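Observations on chain architecture
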Amino acid sequence: MPEKPYDHNHIELKWHQRWENATFYKAEENSTRPKYYVLEMLPYPSGTLHIGHIRNYAIGDALARYKWMRGFNVLHPMGWDAFGLPAENAAIANQRHPREWTLQNIAAMKKTHRRFGFSYDWDCEVSTCEPEYYRWNQWFFLKMLERGMAYRKEALVNWCPKCGTVLANEQVVNDGCCWRHEDTPVEQRALEQWFLRITDYADELLGDIKNLEGGWPERVLTMQRNWIGRSEGTEVDFRLEGTAAPIRVFTTRVDTIYGATCVILAPEHPLVAQLADAEGRSCAKAMVDARAAQGPGDVEKEGFFTGHYAVNPYSGERAPVWVGNFVLMTYGTGAIMAVPAHDDRDFEFCTKYGIPVRPVIRPVDGELTRAEEAKTAFTDDGVVENSNEWSGLPSAEARRRMTAKAEAEGFGKGAVTFRIKDWGISRQRYWGTPIPVIHCAGCGVVPVPERDLPVVLPLNVQFTGKGRSPLEEVPEFVNVKCPQCGGAARRETDTMDTFVDSSWYFYRYCDARNDRMPFDPARAAYWFEIDQYIGGVEHAILHLIYSRFFTKMMRDIGLVKNSEPVRRLFTQGMVIAEGAKMSKSKGNVVGADSLADRYGADTARLFILFAGPPEKEVDWRDERAEGIYRFLGRVYRFATRNLERARAGGEGGAANADRKIVRKLHQTIRKITEDFESRWHFNTSISGIMELVNELYAEEQRLSGGTVAELLVKLTLLLAPFAPYLAQEIWEELGRQGPVFRETWPCYDAELAKDDLAEIVVQVNGKLRSHMYAPFGTPEEEIKARALEDPKVRAFVADKQIVKVIVVRDKLINIVVKG
RNA sequence: GCGGAUGUGGCGGAAUUGGCAGACGCGCUAGAUUCAGGUUCUAGUUCUCGCAAGGGAGUGGAGGUUCAAGUCCUCUCAUCCGCACCA
């Protein structure tokens, strides 16, 4: 039979049409198979998928297919989130309604996904822009409100002038810029906001990280630990001289307190108004404003003396009270004791203003550095000196005992402080889940009764772009009756951060059509934890910490049994183009569709996996895809020109060429299976298949029909997770029925994979000099004797003295000579 | 500043347990096929000395451990990422 040219367009179109409405992975109810839940992180539905997304999906899809072929009951859902609503609300206001816009983009992206042949279970699709989904955000909100886990307060919040909305701390990136507009600094504004008490779980979120070790990348865990930022220390009251009022400070180094030469307040500290004169107050105000304007980042340390003193409760010493711009009101108590000898920042501040530097800690085997010599602070633990009865104690023990004293005498206590703040979820934008509360003049804040959910976003909205929620302009939405007293009331117009949606969407996939509950707890109990979650590292502290928080909250209200949502997390590397991060603003986005137009979906998928190990970033260059395209063509042509031979069959395995190729086949199966089971280095899996095909070409004429038939079947199965269209097409050409990835993954036979003879490397003084072949298990003495007979070896050993011979069984012999 | 990662041919990368460095692919060179271009097939391709056989060097750099180091240890340089007044 003549070979057919590889026409990827024809093949992909054919199967694309047949698969149009197919759900490949319909997870089975009551399956006896073990369950496997694999999930990729959602894209931003910005209308196009770029090659980075395809990488994400290609990894998950290959895994899902493989797991199915290995006999698992696979749940592999795909859904859509509202993450990607364009920040430029105003810009699209004149064109189309954002909801319509989002739904259209979702449709476009679904089309691309189908085109690439991803094997999602479309039946559990969730669209977070739809009320039937977001009503459960409201349901969760009410549950949390009942438990005091959702609350409202005025707070300084991050405000992005471009988005015209508030941002969570986690959404502030790049030295204080908006995550959506990386060149736009955020401003600070004081607003009434809704918060979720994620800090209630701070300890657990931190402690449970140890359970994730091994399954999650260490990098992500480190980022989360830093973000939660637990520090153990002591709160100590410095009594303000002349009054009974205490200034409470927080320190992790109470052992250095005898070196505290002043107390410094944050400029926003309430005592500033009381202690500072008019000039000082305006100075403090200027500091606050400067910080608001500049955002976080490096600031020149400045401060002023208030003219007051506070008494150190341990030493009885008077410490001047200063105000310093580098002290944060939002951390600890908003006041610190400055120990310039043992803290870099205090050192910088105190030397600038001539405040004494007094060392009280010496290194364990060193001398106390004298103040005048100190050019930097000594910040390590050591031994306490010059501190009355505490002198001579190691730092850690001093801290323990000094904290105990503070507690016993009532001027302080041990305290744990977290860096993580409660999660501000209020957004002043149209998009998002309406927060289901009503403000009544008489009754205050009244939750919307559960029977009235969902509170639905109105459709007749004008987008003003004025930085207020457009919902405020919709009277039918805003003006409501109070559910308690029936009087006129105002509906809350803030909407929820869309990270609320993404915090639990993967639970909804278990039970996407449920209209009584967010999901059936029994189904969640079956599918959770997620076995494998795959996505970019950019969500390490946003989505992935919120999701963990939500899971713990759902456990506490009895919906789920697991404490963590995800057992294993894989963070794939970014795709960069021509050395630069792919981004829309740079205009260097490689669109998945245009790539599929040129080379086909199979080539695009295979190549992105081949380009490098999936956890590393890869540099995308179109021209390299040629090699993969050629490879797929080679496979297809080999298959079609050998079909008849394969059908005719015949005894295989006798000829030498047959044995050799069967061995290579089993080695390849072993390699790919191991790659799937451990490190996911699909680039080497694919190169393994290429090697097999190269060998197939070399031996083609010598192979028997039976061997060719076996090879074609197994080769097709090996390709199925990576290149579904081609694999399916060959499968059909081979006369088989049904989806190829519903077949069983081929097993390798360790005996067949084994080489006949061991290749033994012969070294002299560690340098490669010769090779030889010997049966496995050949005794050392024999190997040694044969090696020494080798003329190439003799040339190097010759008249020299043999010092030592090392033999590694079936692998290597190294002859060490001298002279 | 703190924390983490990475560094191998012209390029992407391989070497999973300390045991043949450069698999596989791109690119390039030659030959075959073709009217020609493209396609396809075959061979070659780390550097260096050599006509060749063969030798020498070589995994950012310097040292060390070892019969043997890309891999382990110490120091160092470069690049990237995360956090950054968190008391």
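Residues numbered from 1 in each chain as written. Chains lettered and ligands numbered in written order. Predicted model: local features only at pLDDT ≥ 70, side-chain atom pairs only at ≥ 80, totals over all residues. Heavy atoms only, no water.

A word on the packing of aromatic side chains
Considering all chains together, one arrives at 54 aromatic pairs under this definition. Centre to centre, the rings of tryptophan 322 and phenylalanine 349 are 5.8 Å apart; their planes meet at 85 degrees, and the pair counts as edge-to-face. Here tryptophan 322, found in strand S12 (residues 318–324), pairs with phenylalanine 349, found in helix H11 (residues 344–353); they are 27 residues apart in sequence, far enough to count as distant. In this structure, tryptophan 322 and phenylalanine 349 share a single accessibility class: buried. Members of the aromatic cluster, connected to one another through ring pairs, are Tyr133, Trp136, Trp139, Phe140, Tyr201, Trp423, Phe499, Trp504, Tyr546, Phe549 and Phe550. A cation over an aromatic ring shows up here: arginine 491 above the ring of phenylalanine 477, its NZ or CZ 5.3 Å from the ring centre. Taking NZ or CZ as reference, arginine 769 lies 3.6 Å from the ring centre of phenylalanine 796, over its face. (Phe/Tyr/Trp six-rings, centres within 6.5 Å; stacked < 30°, edge-to-face > 60°. Helix = DSSP H or I, 4+ residues; strand = E, 2+ residues; numbered from the N terminus. Buried < 20%, exposed > 50% of the residue type's maximum accessible area, 1.4 Å probe, protein only. Lys NZ or Arg CZ within 6 Å of the ring centre and 35° of its normal.)

What to know about the protein's contact with RNA strand B
In the region of RNA strand B, 51 residues are neighbours, and Thr252, Val299, Lys301, Tyr331 and Arg345 sit closest. By atom count, sugar and phosphate contribute 64% of the portion of RNA strand B lying within 4 Å of the protein. With respect to RNA strand B, the side chain of serine 231 contributes an N or O atom lying 2.6 Å from a phosphate oxygen. Ranked by the residues each element gives to the surface near RNA strand B, the list is headed by helix H23 (residues 682–699), at seven residues. (Near = heavy atom within 4 Å. Polar contact = N/O pair within 3.5 Å; in protein donor to acceptor, adjacent residues only side chain to side chain.)

Some details on the pattern of salt bridges
As enumerated under the stated definition, the model contains 55 salt bridges in all. Linking arginine 152 and glutamate 192 is a salt bridge whose minimum nitrogen-to-oxygen distance equals 2.7 Å. Here arginine 152, found in strand S3 (residues 150–160), pairs with glutamate 192, found in strand S7 (residues 187–196); they are 40 residues apart in sequence, far enough to count as distant. Overall, the relative accessible area of 38% leaves glutamate 192 in the partly exposed class. The closest approach of N and O atoms between glutamate 691 and lysine 664, which form a salt bridge, is 3.0 Å. You can see glutamate 691 sitting in helix H23 and its partner lysine 664 sitting in helix H22 (residues 656–679), a full 27 residues away along the chain. In this structure lysine 664 comes out as buried when scored by relative accessible area, which is 15%. (Salt bridge = Lys/Arg side-chain N within 4 Å of Asp/Glu carboxyl O.)

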